[in-house]
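Residue strings, one per chain:
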Amino acid sequence: MNIFDLYIDKIKKILLDLSKNGKLILPDRLDGINAEIPPIKFNSDISTNVAMFLSKINKKSATDLAQILAEVIKKNDKSIDTISIAKPGFINIKFKPIFWTNFIEDIIKNSKTFGVNKNEKKKNYLVEFVSANPTGPLHVGHCRGAILGDVIANVLLFNKNKVIKEYYVNDYGTQVINFTKSVYFRIREIKFKEPFPTDNEDLYPGDYLINFAQNIVNTNKKLDFKSFENISEELTALSIHEGLELIKKNLNSLDINHDNFVSEKKLVFNQEVDKVIDFLKKNKFVYKGKIKAPAGEDDTKWIEREQLLFKSTDFGDDKDRALQKSDGAWTYFASDVAYHKNKLDRKFDCLINILGADHAGYIKRISSSVDALSNSKGKLICKVSQLVKLIKDKKPFKMSKRKGNYITLDDLINQVGKDATRFIMLNRSSDVELDFDFDNVIEKSKDNPLYYVQYCYARIASVFRHLEKDLNSDIKINKYDFYYSEDEINILKKLSEWPKCIDVCCSKLEPHRIPTYLYELASLFHSYWNLGKDNPNKRFINEQKKITDDKLIFLKAISNVIKSGMNIIGVSTPEKM
């Protein structure tokens, strides 16, 4: 049950009836009407802006119109106890206790779907995320984007959409050649005791390459490593395989699994780049021209040359983009255009790209290419995952860099665990930098949001355990005839916001709202729990060592929402802490 949609629908029906009777003028659309939980000082359960939305077109003050509408709304709804008007024209509604009894009965009986928007048209999404070069382990910079993409996919799936999680493998180009050479020199180091050429800046220096090299040597006994040129193609495939297996292992430690891995090399070899260039030429989206030096680069050292350029400025980009290098090879952007044509050809309703902070400037050009390829009908949404700063003892924290010149994802998980990594990385909007404070993550207090939410669930589990009941089993009550106190209704009101939280997460692709919501719910619960220290009526287990049905259902409803939310963000709900 989404009480906000329910009341907006009720209000719209009343408005239409008033309009038919000539008592109210309505605009063509009523989308601007909303319903929210008002601030606690108003002592109301739900508030609507309908009077302010309609005041101008009806040439009445919002407060005067609110008085008229409030009377009609109350007359048409027997579950309303009182209605009040608050400046500048909000209509605040307080329900009779029976409303909340009906609400909790509904969400208990529909616990598997509570939060799902059944009225929304479901879509088919492709979420591409991580897509790091398969040349080494994932680092902390990849971690936040990986979790962001995974949870966006999870919340869309929770809301009954179709979702494919995809990884684009950059296994073509100069960086792959350098990577393969690096593995080759590590193999030479193992087999022929030759020192690794540390003075070559094009090579990858990480010690993890020793493992790659050893694995390749162990499983390819017949391969002759005396000449790089003779085995370069086969060695490239073996090296990319090792890199991808390590990345998959890194992601698996976060419980992240992709449905598809799409190879850039295959796109090139299948001539998909050539085909998309032909498409762009046919539609007059490319031309031969020269581009100026990139911003910040020395103009005196920049050589302007004629290149094949994509007219991205026709679609709002600040300059046209090169599709071909001076040696005739395709640019990375050209491959990316081909990849997005491949995505569009698979007929998804919406394409979502998760990009790192260093790729934020790439958004306009790739969005322009999708507009060109789809006649501006293909919907591409790019979300940027901003930087993460690791903090310990109130100072920037540097962990081991033995695997390369960066902090690996494995290092982070080994320090704080999967749950903390996922929850804290998601605890702030992805478009702002995040401080990951190690001291807060291990603290057992309100300052650690993960602990506070998990402790909420564990406290509820302790009540069920004491009563020898299974928290994970459905509860059947013969009669819902409860009376909830104001303290309990405040928590029920927070539960009622769960569907709205899911809706906003899906529509705005902002999954950080889920840990924020769970923390707020947990805070209300812990405050209520603490009331029981002084007030026996607030305790869940009475003096007879039993629990009343209303409190049992109350606890079950809270635990269901906590469990749903934690499942979406991929974090455990321990029953003991």
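Residues numbered from 1 in each chain as written. Predicted model: local features only at pLDDT ≥ 70, side-chain atom pairs only at ≥ 80, totals over all residues. Heavy atoms only, no water.

**Q** What's the story with the overall build of the protein in this structure? I'm lost.
**A** A tally of helices and strands in the protein yields 20 helices and 15 strands. Taking the principal axes of the C-alpha coordinates as reference, the protein spans close to 85 × 60 × 40 Å. In the protein, buried positions account for 52% of the 577 residues. As presented, the protein carries roughly 28,900 Å² of accessible surface, and 48% of it is formed by carbon and sulfur atoms. In the protein, 92 positive and 78 negative side-chain charges are present, and the distance between their average locations comes to 4 Å. (Helix = DSSP H or I, 4+ residues; strand = E, 2+ residues; numbered from the N terminus. Buried < 20%, exposed > 50% of the residue type's maximum accessible area, 1.4 Å probe, protein only. Areas by Shrake-Rupley, 256 points an atom, 1.4 Å probe, with all protein chains shown as cover. Lys, Arg positive; Asp, Glu negative; His and termini not counted. Charge placed at Lys NZ, Arg CZ, Asp CG, Glu CD.)

**Q** Just checking my understanding: could you explain empty space enclosed by the protein for this structure?
**A** A probe as big as a water molecule, rolled over the atoms, marks out the empty space that is left. Using the criterion set out here, one finds 2 cavities of 30 Å³ or more in the structure. Along its surface, the largest cavity is lined by Arg 144, Leu 148, Lys 383, Met 425, Leu 426, Arg 428, Ser 429, Ser 430, Leu 509, Glu 510, Pro 511 and His 512. Here the residues of the lining of the largest cavity are counted per class, giving 5 nonpolar, 3 polar and 4 charged. A volume near 60 Å³ is recorded for the second largest cavity. Ile 107, Ser 111, Phe 114, Trp 498, Ala 557, Asn 560, Val 561 and Ser 564 are the residues that line the second largest cavity. Looking at the lining of the second largest cavity, the element that brings in the most residues is helix α20 (residues 549–569), giving 4 residues. Of the residues in the lining of the second largest cavity, the class split is 5 nonpolar, 3 polar and no charged. (1 Å grid on protein atoms, 1.4 Å probe; cavity = no way out; pocket = protein on both sides within 12 Å on 5 of 7 lines; lining within 4 Å. Points joined across faces, edges and corners; volume = space filled by probe spheres on them. Nonpolar A, V, L, I, M, F, W, Y, C, P; charged D, E, K, R; others polar.)

**Q** Where do I start with the sheet that holds strand β3 (residues 80–86) in this structure?
**A** Strands in a sheet are paired, the pairing made by backbone hydrogen bonds, and the direction either parallel or antiparallel. Strand order across the open sheet formed by 4 strands is β1-β2-β4-β3, with antiparallel pairing between neighbours. Each end of this open sheet is capped by a strand with a single partner; those strands are β1 (35–36) and β3. Inspection of the sheet shows β3 paired to strand β4 (residues 90–95) by 6 bridges, in the antiparallel sense. Note that in β4 the partner of Ser 84 across the bridge is Asn 92. (Pairing = 2+ DSSP bridges.)

**Q** Just checking my understanding: could you explain the nonpolar core for this structure?
**A** In a soluble, globular protein the nonpolar side chains are often hidden away together inside. If you look at the biggest cluster of nonpolar residues, it comprises 144 residues, and the most contacted ones within it are Leu 69, Phe 436, Leu 495, Trp 498, Ile 514 and Ile 558. Mapped onto the domain boundaries, this core takes at least three residues apiece from domain 1 (3–95) and domain 2 (449–569). Aside from chain neighbours lying at most four places away, what touches Leu 69 is Leu 15, Leu 18, Leu 24, Val 50, Ala 51 and Ile 91. Among the nonpolar cores identified, the runner-up in size contains 28 residues, and Trp 330, Ala 338, Leu 351 and Leu 373 belong to it. (Core = buried A, V, L, I, M, F, W, Y, C linked by side-chain atoms within 4.5 Å. Domains from an automatic or database assignment. Contact = heavy atoms within 4.5 Å.)

**Q** Whenever I open this one, the layout of surface pockets confuses me. Can you help?
**A** As a volume, the second largest pocket reaches approximately 880 Å³. Together, 38 residues line the second largest pocket, and Thr 174, Lys 325, Trp 330, Thr 331 and Tyr 332 are the ones closest to its centre. At the level of secondary structure, the elements contributing two or more residues to the lining of the second largest pocket comprise α6 (174–192), α8 (228–252), α9 (264–269), β10 (321–322) and α11 (332–345). If one sorts the elements of the lining of the second largest pocket by residue count, α6 sits on top with 5 residues. For the lining of the second largest pocket, a count of residues per class yields 15 nonpolar, 10 polar and 13 charged.

**Q** Just checking my understanding: could you explain helix α3 (residues 62–75) for this structure?
**A** The α-helix advances 3.6 residues per turn, and as a result positions three or four apart in sequence lie on the same side. In this model α3 runs 20 Å from its N-terminal to its C-terminal C-alpha over 14 residues, within 8% of the 20 Å that 1.5 Å per residue would give. Every buried residue of α3 is listed here: Ala 62, Leu 65, Ala 66, Leu 69, Ala 70 and Ile 73. Tucked into the core, α3 has its buried residues touching α1 (3–20), α2 (50–55), β3 and β4. (Expected span 1.5 Å × (residues − 1).)

**Q** When you look at the environment of Lys 341 in this model, what are you seeing that I'm missing?
**A** On the secondary structure map, Lys 341 appears in helix α11. Sequence-wise, Lys 341 and Lys 392 are 51 residues apart; in three dimensions their C-alpha atoms are separated by 45 Å. Contact partners of Lys 341, with chain neighbours within four places excluded, come to Val 276, Phe 279 and Leu 373.

**Q** Sorry, what's going on with the environment of Gly 141 here?
**A** Along the chain, Gly 141 falls in helix α5 (residues 140–158). A sequence separation of 24 residues divides Gly 141 from Lys 165, and the C-alpha atoms of the two residues are 19 Å apart.

**Q** Is there a simple way to think about the pattern of salt bridges in this case?
**A** Where charged atoms from two side chains of opposite charge come close, those side chains can pair. Under the criterion given, the structure shown has 28 salt bridges. Put simply, Asp 31 and Arg 29 hold a salt bridge, and the shortest N to O gap is 2.5 Å. Of the two residues, Asp 31 and Arg 29, neither departs from the other in class, the shared state being exposed. The residue Lys 248 makes a salt bridge to Glu 245 at a minimum N-O spacing of 3.8 Å. Of this pair, Lys 248 and Glu 245 both sit in helix α8, separated by 3 residues, roughly a single helical turn. Overall, the relative accessible area of 33% leaves Lys 248 in the partly exposed class. Taken together, the shared-partner salt bridges connect Asp 150, Lys 165 and Arg 422 into one network. (Salt bridge = Lys/Arg side-chain N within 4 Å of Asp/Glu carboxyl O.)

Coordinates in, geometry out; function isn't part of it.
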